[in-house]
Amino acid sequence: LGCEAAREDGGVLRAMDRPGEDDLRIRGNELFQNARYGEAIEHYSRALGRAEGRVGEASRILINRSAAYAKLGLWNESLADAERSVSLGGATLRACYRKGVALRELGLLAESLEALELGASLDPSNERVASAVGEGRALVRDRARRDSFRRARTEEVLEARRRFEVNAEERLAAESLRREAEERARSQRRAGYERHRLRTEEHQRAFREREAEEADRRRRRGEGDAGVRDDPYEVLGLPPEGCPPGQVRRQYLRLVSKCHPDKPGGSREAFEAVRHAYEELLGVGTTERG
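Throughout this description, residue numbers start from 1 for each chain and increase along the sequence as written. Reporting of local features is limited, given that this is a predicted model, to residues whose pLDDT is at least 70; pairs of side-chain atoms are given and counted only at 80 or more, and all residues count toward the totals for whole chains, interfaces and linings. Excluded from the side-chain calculations are hydrogens and water; all other atoms, namely the structure's heavy atoms, are used.

1. Some thoughts on the overall build of the protein chain
The cut-off we apply is this: Every helix listed is a DSSP run of H or I at least four residues long, and every strand listed is a run of E at least two residues long, numbered separately from the N terminus. Partly exposed describes any residue whose relative accessible area lies between the buried limit of under 20% and the exposed limit of over 50%, with all areas from a 1.4 Å probe on protein chains only and scaled to the type maximum. Any two residues having at least one pair of non-hydrogen atoms within 4.5 Å are treated as being in contact. Residue burial considers only the protein chains on display, and all accessible areas are found by Shrake-Rupley using a 1.4 Å probe.
Scanning the protein chain from N- to C-terminus turns up 11 helices and 0 strands. Along its sequence from the N terminus, the protein chain presents helices and strands in the succession α-α-α-α-α-α-α-α-α-α-α. Across the 290 residues that make up the protein chain, the buried fraction comes to 26%. A fraction of 53% describes how many contacts in the protein chain between residues 6 or more apart in sequence connect residues 24 or more apart. Summing over all exposed atoms, the protein chain offers an accessible surface of approximately 19600 Å²; the carbon and sulfur share of this is 52%.

2. Quick look at the pattern of salt bridges
Our working rule: Any Lys or Arg side-chain nitrogen located within 4 Å of an Asp or Glu carboxyl oxygen qualifies as a salt bridge.
Applying the stated criterion across every chain, the model contains 23 salt bridges. When the shortest N-O distance is used, the salt bridge between Asp 142 and Arg 145 registers 3.6 Å. One end of the pair is Asp 142 and the other is Arg 145, both in helix α8 (residues 127–225) and 3 residues apart, which spans about a single turn. On the basis of relative accessibility, which here comes to 52%, the residue Arg 145 falls in the exposed class. Notably, a salt bridge pairs Glu 202 with Arg 205, separated by 2.0 Å at the nearest N-O pair. Here Arg 205 and Glu 202 lie together in helix α8, a separation of 3 residues that amounts to about one turn.

3. Description of the packing of aromatic side chains
Threshold: A pair of Phe, Tyr and Trp rings is counted when the ring centres sit within 6.5 Å of each other, with Trp represented by its six-membered ring. The angle between the planes then sorts it: under 30 degrees is stacked, over 60 is edge-to-face, the rest tilted.
Inspection of the entire model under this criterion finds 2 aromatic pairs. Consider the rings of Phe 32 and Tyr 37, whose centres lie 5.2 Å apart with planes at 70°: the pair is edge-to-face. According to the relative accessible area criterion, Phe 32 is buried, its value standing at 18%. According to the relative accessible area criterion, Tyr 37 is buried, its value standing at 18%. Between the aromatic rings of Tyr 252 and Tyr 278, the centroid separation amounts to 3.9 Å while the plane-to-plane angle is 10°, which identifies the pairing as stacked. Of the two residues, Tyr 252 sits in helix α10 (residues 245–258) while Tyr 278 sits in helix α11 (residues 268–284), which places them 26 residues apart along the sequence. Judged by relative accessible area, which is 13%, Tyr 252 ranks as buried.

4. Side note on the packing of helix α4 (residues 55–71) against helix α5 (residues 75–89)
As a reminder of what qualifies: Between N-to-C directions, angles span 0 to 180 degrees; the directions come from axes that are lines fitted to C-alpha atoms, helices contributing only their stretch in contact. In this scheme, roughly parallel covers angles under 35 degrees and roughly antiparallel covers those over 145, while 65 to 115 is roughly perpendicular and the rest are oblique. By convention, the crossing between two helices is left-handed when the near helix turns anticlockwise from the far helix through less than a right angle, and right-handed when the turn is clockwise. Note on residue classes: Ala, Val, Leu, Ile, Met, Phe, Trp, Tyr, Cys and Pro are nonpolar, Asp, Glu, Lys and Arg are charged, and everything else, Gly too, is polar.
Between α4 and α5, whose axes approach to 8 Å, the crossing angle comes to 165°. For the element pair α4 / α5, the angle class is roughly antiparallel. Once α4 is placed against α5, the crossing between them reads as left-handed. Along the contact surface, α4 presents Val 55, Ala 58, Ser 59, Leu 62, Ile 63, Arg 65, Ser 66, Tyr 69 and Ala 70, while α5 presents Trp 75, Glu 77, Ser 78, Asp 81, Ala 82, Arg 84, Ser 85, Leu 88 and Gly 89. Partitioning the contact of α4 with α5 into residue classes produces 9 nonpolar, 5 polar and 4 charged.

5. Remarks on unusual backbone geometry
We note that Ala 35 has phi near 65°; this positive angle belongs to a residue other than glycine. Position of Ala 35 among the secondary structure elements: in the loop between α2 (21–33) and α3 (37–49).

6. A closer look at the confidence of the model for the protein chain
Which entries qualify depends on this criterion: pLDDT measures the predictor's confidence residue by residue and takes values from 0 up to 100.
Across the protein chain, the average pLDDT comes to 82, with 87% of residues at 70 or higher. Mean pLDDT per element in the protein chain: helix α1 (residues 2–8) is the minimum at 32, and helix α6 (residues 93–105) is the maximum at 93. Across residues 1–18, where pLDDT falls below 50, the model places 2 contacts with residues more than four positions away in sequence or in other chains.

7. Some remarks on α4
The condition is simple: Every helix has an expected span of 1.5 Å times one less than the residues it contains.
In this model α4 runs 25 Å from its N-terminal to its C-terminal C-alpha over 17 residues, within 8% of the 24 Å that 1.5 Å per residue would give. Remark: Gly 73 follows α4 within two positions and exhibits a positive phi of approximately 75°.

Here's what the structure looks like:
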């Protein structure tokens with residue numbers, strides 16, 4: 001019959017058999033005190049669902065759940081509950097404290113200090129909030145010093161980098177000028193080598209032409225003289241009656257140096273005549289007439 005009655009009532013339990021939001025919140029507080037924060041959050045959430053229309057109760061439950069989230073390090077959830085509590089019940093001391101702590105842990109130090117100072121203004125005698133305000137101010141000052149130091153270091157690094165880049169550009173420009181100077185010097189040396197080569201080739205070509213002309217003259221002269229040669233003593237300017245070999249050699253060297261084709265006034269024809277006269281005398285084997 002009990003089951004039949006339950007079905008006739010639509011399966012809805014009587015109010016006395018169902019825990020109310022106060023019971024759930026109280027049970028959540030007990031679990032929180034026993035460090036069972038996850039279970040406490042579940043009870044606070046169930047109590048919050050049954051506190052619709054009761055703004056003050058909902059705001060208080062949100063603060064309790066924010067504290068449980070904070071114990072688990074869930075700072076975004078803790079901040080969300082604190083801000084929701086403020087939007088429902090206004091800026092209370094507990095809501096401002098929870099919001100300030102969550103913002104501090106999320107690294108939003110300026111916003112955290114603002115929330116904590118608002119809470120302290122609601123109850124200046126609360127030592128816990130006053131301590132949090134002091135800690136927040138110290139953190140803000142410390143961060144300001146770090147930020148100032150970081151900015152200064154950043155500026156120093158940027159300035160050092162700028163100087164390095166300027167020096168690098170100057171070094172590159174100097175290196176470029178040095179390479180250009182070296183290339184000009186190499187070009188000048190190559191041009192000098194080329195001019196020397198051309199002059200050498202021109203001298204060699206002129207020498208070969210003179211050789212060819214002299215050979216042609218000798219050939220024509222030989223054909224005209226029909227094998228008749230000048231007297232070697234006469235060519236060398238020696239006395240016709242003969243002279244010692246040493247005198248012949250000295251006279252030959254003097255004439256060879258004088259009539260060399262490369263000397264001013266010299267010629268290939270005179271040079272060959274002196275050389276042939278000297279060779280003729282050497283071929284005779286004596287420098288004195290018989």
